[in-house]
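Examination of the molecular architecture
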Amino acid sequence: MTVQCCKCKRVRANGKWRHVTGGLDEPVSHTYCPRCEERLRVEMFSSLASQCPLVGALKLDELLIRTASS
Ligand SMILES: [Zn+2]
């Protein structure tokens, strides 16, 4: 079973995410790679934060700093 990121289309092989050229023959299971998962979490948090601007802005800063340093 091939595991593919449904956002950036990279495929996981031997624990690493890499781009593939051409089609995939095997059955594909779609998920998010760690990078897109993190990005999605930030996006989700931003939309949540927009409903609660004061708390959200502070937390989002922390989240972005953590993401940038990892
Ligand atoms: Zn991805």
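From a predicted model like this one, the values you see are computed outputs, not experimental measurements.

**Comments concerning the confidence of the model for the chain**
Looking at the chain as a whole, the pLDDT averages 83, with 80% of positions reaching at least 70. Averaged pLDDT values for the elements of the chain fall to 66 in helix α2 (residues 53-69) and rise to 94 in strand β3 (residues 16-18).

**Focus: the sheet that holds β3**
In space, the four strands of this open sheet follow the order β3-β2-β1-β4, with mixed pairing throughout. Of all the strands in the sheet, just β3 and β4 (28-31) have a single pairing partner and so form its edges. For this sheet, the mean angle separating the axes of adjacent strands, direction not counted, is 40°. Relative to β4, strand β1 (residues 2-5) is paired through four bridges, and the arrangement is parallel. In the sheet register, T2 faces β4, and the bridge partner there is V28.

**Details of unusual backbone geometry**
The backbone phi angle of K9 is positive, close to 70°, even though this residue is not glycine. Within the secondary structure, K9 sits in the loop between β1 and β2 (11-13). Owing to 13 C-beta atoms within 10 Å, K9 belongs among the partly exposed residues under this scheme. A positive phi angle is found at N14, which is not glycine, with a value near 55°. Here N14 lies in the loop between β2 and β3. Residue N14 is classed as exposed on the basis of its C-beta count, with 5 C-beta atoms lying within 10 Å.

Rules and cut-offs
- In every chain, residue numbers begin from 1 and rise along the written sequence.
- Reporting of local features is limited, given that this is a predicted model, to residues whose pLDDT is at least 70; pairs of side-chain atoms are given and counted only at 80 or more, and all residues count toward the totals for whole chains, interfaces and linings.
- Think of pLDDT as the predictor's per-residue confidence, scored from 0 to 100.
- Numbered from the N terminus, helices here are DSSP runs of H or I no shorter than four residues, and strands are runs of E no shorter than two.
- Any two strands between which DSSP finds at least two bridges are classified as paired.
- Axis angles are defined between N-to-C directions and span 0 to 180 degrees, where every axis is a line fitted to C-alpha atoms and, for a helix, only to the segment in contact.
- The burial criterion counts other C-beta atoms lying within 10 Å of a residue's C-beta, which is placed from the backbone; the residue is buried at 20 or more, exposed at 12 or fewer, and partly exposed between these limits.

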